[in-house]
Amino acid sequence: RTIDARGGIIMPGLVNTHTHAAMTCLRGIADDLPLMTWLNEHIFPAEATLDREKVAAGTTLACAEMILSGTTCFCDMYLFEEAVAESARRAGMRAVVGEVLFDFPSPSYGPLEKGFEATRALIDRWRGDPLIRVAVEPHSPYLCAPELMRRARDMALENDCLLITHLSETRSEVARIRERYGRTPVAHLE
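What counts as what
- Within every chain, residues take consecutive numbers counted from 1 along the sequence as written.
- Local features in this predicted model are restricted to residues whose pLDDT is 70 or higher, and side-chain atom pairs enter the listing and the counts only when it is 80 or higher, whereas totals over whole chains, interfaces and linings include all residues.
- To obtain the side-chain values, all non-hydrogen atoms of the structure were used and water was disregarded.
- A run of H or I in DSSP counts as a helix once it spans at least four residues, and a run of E counts as a strand once it spans at least two, with each numbered from the N terminus.
- We compute the radius of gyration from the C-alpha atoms alone; for a globule the expected value is 2.2 Å times N to the 0.38, where N is the number of residues.
- The cut-offs for exposure are 20% and 50% of the maximum accessible area for each residue type, with area from a 1.4 Å probe on protein chains only; residues under the lower value are buried, those over the upper are exposed, and the others partly exposed.
- Contact between two residues is taken to exist if any of their heavy atoms lie within 4.5 Å; hydrogens are not considered.
- The charged-residue count follows a simple rule in which Lys and Arg add positive charge and Asp and Glu add negative charge, with His and chain termini not counted at all.
- Charge positions are represented by NZ for Lys, CZ for Arg, CG for Asp and CD for Glu.
- The set of buried Ala, Val, Leu, Ile, Met, Phe, Trp, Tyr and Cys residues whose side-chain atoms join them within 4.5 Å is what this entry labels a nonpolar core.
- Working definition: rings of Phe, Tyr and Trp (its six-membered ring) pair if their centres are within 6.5 Å, and the pair is stacked with planes under 30 degrees apart, edge-to-face with planes over 60 apart, and tilted otherwise.
- Counting as a charge over the ring demands two things of the Lys NZ or Arg CZ atom: a distance within 6 Å of the ring centre and an angle within 35 degrees of the ring normal.
- Multiply 1.5 Å by the residue count of a helix minus one, and that product is the helix's expected span.
- Picture the helix axis, draw a direction to every C-beta atom, and the arc is the one those directions span.
- The rule for pairing is simple: two strands pair if DSSP sees at least two bridges between them.
- The axes used here are C-alpha line fits, helices contributing only the stretch in contact, and every angle between their N-to-C directions lies in the interval 0 to 180 degrees.
- Working rule for angles: under 35 degrees goes down as roughly parallel, over 145 as roughly antiparallel, 65 to 115 as roughly perpendicular, anything else as oblique.
- Note on residue categories: nonpolar means Ala, Val, Leu, Ile, Met, Phe, Trp, Tyr, Cys or Pro, charged means Asp, Glu, Lys or Arg, and polar means any other residue, Gly included.

A. Looking closely at the overall build of the protein. Helix and strand content of the protein: seven helices and five strands. Walking the protein from its N terminus toward its C terminus, one meets helices and strands in the order β-α-α-β-α-β-α-β-α-β-α-α. The C-alpha radius of gyration computed for the protein amounts to 18 Å, which stays within 12% of the reference 16 Å derived for 190 residues, consistent with globular compactness. Along the first, second and third principal axes, the C-alpha atoms of the protein reach 60 × 40 × 35 Å. Each of the 190 residues in the protein was classed as buried or not, and the buried ones make up 43%. Across the protein, every contact between residues at least 6 apart in sequence was considered, and the portion connecting residues at least 24 apart equals 66%. Taking the average place of the 21 positive charges on the side chains of the protein and the average place of its 27 negative ones, the gap between the two points comes to 4 Å.

Here is the structure:
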């Protein structure tokens with residue numbers, strides 16, 4: 001097959017290394033606020049109303065937008081990640097997915113123990129898939145106790161998975177982790 005690409009650009013597909021793809025449905029909600037105000041007062045309450053179908057719809061929209069921009073692979077950390085994986089696969093996109101783990105109950109799986117079970121199920125289902133790869137994804141040092149982080153690390157190592165987290169997103173987070181653990185977030189994770 002020959003493609004006439006005169007006047008165009010030929011380049012590798014772009015890779016979006018950190019997404020919450022289904023949040024296309026939440027676009028514009030109080031996005032001019034500081035991170036913790038935005039999360040605690042607006043996003044976490046909105047996410048509590050999400051379900052598998054809404055996440056699938058939001059992810060399908062995100063995949064369409066990414067494909068239009070030349071993005072062919074994305075790394076996602078969100079809720080109902082089985083639906084994210086299925087939406088990415090249907091779109092023909094490569095994706096790294098992982099159910100976000102918190103110290104508090106998730107709208108997706110409930111208590112933390114169920115989050116580890118959901119992650120295990122993702123690993124088992126998608127192992128060897130040519131498009132979908134699973135990561136273990138504790139949210140952040142400010143929303144995950146050290147024991148959660150250790151368990152996540154161990155699960156990632158045991159299953160040859162990536163471990164993905166938010167880290168040092170804001171100055172206030174760095175100050176909070178320094179106050180709580182006596183170290184920067186990076187040193188704390190080390």
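B. Region of the structure containing the nonpolar core. With 52 residues, the main nonpolar core has Val-55, Phe-74, Tyr-78 and Val-136 as its most contacted residues. Of all the secondary-structure elements, those providing two or more residues to this core are α1 (35-47), α2 (52-69), β2 (71-78), α3 (81-91), β3 (94-101), α4 (112-126), β4 (132-138) and α5 (146-158). Ignoring sequence-local partners within four residues, the contact set of Val-55 consists of Ala-22, Leu-50, Tyr-78, Leu-79, Phe-80, Ala-83 and Val-84.

C. Spatial organisation of the packing of aromatic side chains. Within this structure, the stated rule accounts for three aromatic pairs. Arranged with centres 4.5 Å apart and planes meeting at 20°, the rings of Phe-102 and Phe-104 form a pair that is stacked. Directly above the ring of Phe-116 sits Arg-151, whose terminal nitrogen or CZ lies 4.0 Å from the centroid.

D. Seen up close, α4. The end-to-end C-alpha distance of α4 is 21 Å, a good match for the 21 Å that 15 residues give at a rise of 1.5 Å each. Along α4, the residues that are buried comprise Gly-115, Phe-116, Thr-119, Leu-122, Ile-123 and Trp-126. In an axial view of α4, the angular spread of the buried residues amounts to 115°, which keeps them on one side of the axis. Buried residues along α4 sit in contact with α3, β3, β4 and α5. Downstream of α4 by a residue or two, Gly-128 has a phi angle that is positive, lying close to 85°.

E. Just the sheet that holds strand β1 (residues 14-19), in detail. One open sheet accounts for five strands, arranged β1-β2-β3-β4-β5; its pairing is parallel. The strands lining the two open edges of the sheet, one partner per strand, are β1 and β5 (162-163). Here six bridges tie β2 to β3, and the two strands are oriented parallel to one another. Opposite Met-77, over in β3, you have Gly-98 as the bridge partner. Most of the contacts of α2 go to β2, to which it runs at about 150°, and overall it touches β1 and β2. Across the sheet, α5 lies against β3, β4 and β5, angled at about 160° from β4, the strand it touches most.

F. Geometry of the packing of α3 against α4. Close contact between α3 and α4 brings their axes to 10 Å; oriented N to C, the two are set at 25°. It follows from the interaxial angle that α3 and α4 lie roughly parallel. Facing Glu-81, Glu-82, Ala-85, Glu-86 and Arg-89 of α3, the residues of α4 in contact are Leu-122, Arg-125 and Trp-126. When grouped by side-chain class, the residues that make up the contact of α3 with α4 number three nonpolar, no polar and five charged.

None of the figures reported here should be taken as evidence of function without further support.
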